[in-house]
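Below, each chain spelled out in residue letters.
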Amino acid sequence: MRTTEERPVLVATEADDVTADMVITELNRRGVPVVRFNPADIGDGLTVSARYGIRPAHAAGRLLTPSRTARLDDVRAVYWRRPTWPAFPHLSPDDARFAAAQTRYGLGGVLHALDDPLWVNHPLRSAEADYKPHQLALAQRLGLAVPPTLITNDPTEAREFVAAQPVVIHKTLRATPYQRDGVPVVSWAEPVTADEIDDRVRVVPHLFQVRVDKVCDVRVLIVGRRVFAVRIESDLLDWRRDYSALTYSAVTLPTSLEAALLAFLDAFGLASGSFDLAVDRDGAHWLLELNPNGQWGWLAEQTELPMAAAFADLLAQGGTP
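Treat the numbers as computed from the prediction; the structure is a model and nothing was measured. Residue numbering note: each chain is counted from 1, following its sequence as written. With pLDDT at 70 or above as the cut-off, local features in this predicted model cover only qualifying residues; side-chain atom pairs require 80 or more to be listed or tallied, and sums for whole chains, interfaces and linings still use all residues. Based on all heavy atoms of the structure, the side-chain values leave hydrogens and waters out of the count.

Visitor: So what's going on with the packing of helix H1 (residues 18-29) against helix H8 (residues 307-317)? Residues and values would help.
Guide: Close contact between H1 and H8 brings their axes to 8 Å; oriented N to C, the two are set at 60°. Between H1 and H8, the crossing angle belongs to the class labelled oblique. Note that H1 runs across H8; the crossing there is right-handed. Of the residues in H8, those touching H1 at Met22, Val23, Glu26 and Leu27 are Ala308, Ala309, Phe311, Ala312, Leu315 and Ala316. Across the contact of H1 with H8, the residue classes tally to 9 nonpolar, no polar and 1 charged. Lines fitted to C-alpha atoms define the axes, with helix axes restricted to the stretch in contact, and inter-axis angles between N-to-C directions lie between 0 and 180 degrees. Secondary structure elements follow DSSP: runs of H or I of four or more residues count as helices, runs of E of two or more count as strands, with numbering from the N terminus. Roughly parallel means an angle under 35 degrees; roughly antiparallel, over 145; roughly perpendicular, 65 to 115; everything else is oblique. Helix crossings fall into two classes, left-handed where the near helix is turned counterclockwise from the far one by less than a right angle and right-handed where it is turned clockwise. Whether two residues touch is decided by their heavy atoms; if any such pair falls within 4.5 Å, the residues are in contact. Under the convention adopted here, Pro, Cys and the residues Ala, Val, Leu, Ile, Met, Phe, Trp and Tyr are nonpolar, Asp, Glu, Lys and Arg are charged, and Gly plus all remaining residues are polar.

Visitor: Tell me about the nonpolar core, and please be specific about residues and values.
Guide: One recurring pattern in soluble globular proteins: nonpolar side chains tend to sit buried together. In terms of nonpolar packing, the biggest core is built from 33 residues, with Leu27, Tyr79, Val120, Trp296, Met307, Phe311 and Leu315 touching the most fellow members. Put simply, the parts of the chain that give this core at least two residues each are strand S1 (9-12), H1, strand S6 (77-80), strand S7 (118-120), strand S14 (214-223), strand S15 (226-233), helix H7 (297-303) and H8. Per-element tally for this core: the top contributor is H8, with 8 residues. Excluding its chain neighbours within four sequence positions, the residues that come into contact with leucine 315 are Val9, Val23, Leu27, Arg76, Ala77, Val78, Tyr79, Leu118 and Val120. One finds Leu144, Leu257, Leu277 and Val279 within the second-largest nonpolar core, a separate group that totals 25 residues. What is meant by a nonpolar core is a set of buried Ala, Val, Leu, Ile, Met, Phe, Trp, Tyr and Cys residues, joined one to another through side-chain atoms within 4.5 Å. Burial here depends on accessible area, computed with a 1.4 Å probe over protein chains only, as a share of the maximum for the residue type. Under 20% is buried, over 50% is exposed, and the range in between is partly exposed.

Visitor: Outline the sheet that holds S6, listing residues and values.
Guide: A sheet is described by the order of its strands in space; here 4 strands give the open sequence S2-S1-S6-S7, paired in parallel fashion. Both outer strands of the open sheet, strand S2 (34-37) and S7, are each paired with one neighbouring strand and no more. Ignoring strand direction, the axes of neighbouring strands in this sheet form an average angle of 15°. At least two DSSP bridges between two strands are needed for those strands to be called paired. Pairing geometry for S1 and S2, over 4 bridges, is parallel. Considered in S2, the bridge of alanine 12 is made with phenylalanine 37. Here H8 sits on the sheet in contact with S1, S6 and S7, set at roughly 155° to S7.

Scope: geometric values only; no functional claims are made or implied.
Structure representation (structure tokens):
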């Protein structure tokens, strides 16, 4: 095993990822070797080899890109940013599905089997944390304020819930690429009324949530044990609709809220995460959701908070955060 200084950080992400570039720049400043790759490049610039049941253990395997090589038993950390998986469009549909499965369970399995590097974040942990009902239930157990929420495919119960509240919004349970007439459609949080709910609700579960009478939003990025909170001001129900209409300022969270958010990540086994909170007119913070791998690069630019440096410090440390 090489010294800590020689051990690389793997950065798994798509080709054009400015946020990953920010972290890699910080790692370079620290002299930390980086091997950047994208699973979609398998067979075309990305090679992986791993051996099991043999000795010596240090011959476990390698991951190779056109410019870098990482010995799998040397990896100190994995930054699982925004990787994409190959679709194999040149193959028949059946062959493409087969090839995609072999890649996910082959390359993915080799990476999951690494000898306890720091993951930011492990994809299996991120997948578990991506379920909004799980998030809401955990938040409630931790004492975080959660807006009254109903998840149902029962139109009658949905209408009763919406009719009993001043304002209710509908949100998707998971962001999913979607097109209508060939045009990409983005799902925003939208107000909903009882008379809009019909039997189509029966097809899939829907999320209905009481709207917080908010004065602002707060995006909280946690990196290891470092907490960065940014107040986002706008007149929008869903601030993602128009970034040009937003203003930003760094804020400090109440100590009890910070502790609860850290416990939230610990419960899911995550080293990092982005929380969306709404602040009401009484100053109470309401948890809306966690994104285990939320975007933060534009916030670092707007506020000059050292977010990229925090990621680099965490990844350079390796091991358990």
